[in-house]
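# Topology and contacts: notes
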Amino acid sequence: GERDIAPTPTVSFIIEALKGRVPGYTAGGFCAVDVDDVAECHVLAEEKGQTIDVTHEGAPMALADRHVLRQVLTNLVDNAIKFTPRGGRIRVRVSQEAGDATIDVSDSGPGIPAEATTRIFDRFYRVDEGGIGGSGLGLSIAKGAVEANGGRLTLETTGALGSTFRITVPRPADPHAQARRRAG
């Protein structure tokens, strides 16, 4: 017999859900910037003889949805694995700058061609790199998801030594600092 096939959610629907505009979806809250989920990607990297180095510079908290951060981070690391050659290295660095928590994902791939850097976050845009698959939606969805959480997803650097993408999300205000200001 025929099966019912559920419609695939559109990018717009996913982004609207992440912004909290879809009934039944609640985003937000505080979460630790946790990159332990990258461990899931280690198996894929090992198959290509790659290494994933994770460094923490501090232990920032973020004012963001934990599931969104995890999904965006997984997408960026998966892309880094795809575009990094056999034996290459992927670096994930968690840090904090001013009022933001940051996660940098750097690869040692060929870099992104200059003509592609302005379009890399466009829906359906793909850099044609030797038959590496993909729909061209991953970075577009990731950027929309991070922005829906009050953050930014940017391409920081690219070149012959690889690319670095940065997730920047706000950190919650320090409640101890606020209490000290009120008491002082």
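Treat the numbers as computed from the prediction; the structure is a model and nothing was measured.

## Notes on the overall build of the chain
Each helix and strand counted, the chain has five helices and seven strands in total. Walking the chain from its N terminus toward its C terminus, one meets helices and strands in the order α-β-α-β-β-α-β-β-α-β-β-α. When burial is assessed residue by residue, the chain has 39% of its 184 residues classed as buried. Of the roughly 10,600 Å² of accessible surface on the chain, a fraction of 53% belongs to carbon and sulfur atoms.

## A word on the pattern of salt bridges
Scanning all chains against the criterion turns up nine salt bridges. Ionic pairing is found between R93 and D104, a salt bridge with its closest N-O pair at 2.6 Å. Residue R93 is found in strand β4 (residues 89-97), and its partner D104 is found in strand β5 (residues 100-106); the two are separated by eleven residues along the sequence. Taken together, the shared-partner salt bridges connect E57, R93, E97, D104, E156 and R166 into one network.

## A short note on the confidence of the model for the chain
Across the chain, the average pLDDT comes to 74, with 65% of residues at or above 70. Every residue in residues 1-9 scores below 50 in pLDDT, and together they form one contact with partners more than four places removed in sequence or on other chains. In the model, residues 177-182 has pLDDT below 50 throughout and makes two contacts with residues more than four positions away in sequence or in other chains.

## So, unusual backbone geometry
In this structure, A98 takes a positive phi of about 50 degrees despite not being glycine. Considering the arrangement of structural elements, one finds A98 in the loop between β4 and β5. On the basis of relative accessibility, which here comes to 75%, the residue A98 falls in the exposed class.

Thresholds applied
- Residues numbered from 1 in each chain as written.
- Predicted model: local features only at pLDDT ≥ 70, side-chain atom pairs only at ≥ 80, totals over all residues.
- Heavy atoms only, no water.
- Helix = DSSP H or I, 4+ residues; strand = E, 2+ residues; numbered from the N terminus.
- Buried < 20%, exposed > 50% of the residue type's maximum accessible area, 1.4 Å probe, protein only.
- Areas by Shrake-Rupley, 256 points an atom, 1.4 Å probe, with all protein chains shown as cover.
- Salt bridge = Lys/Arg side-chain N within 4 Å of Asp/Glu carboxyl O.
- pLDDT = per-residue confidence, 0-100.
- Contact = heavy atoms within 4.5 Å.

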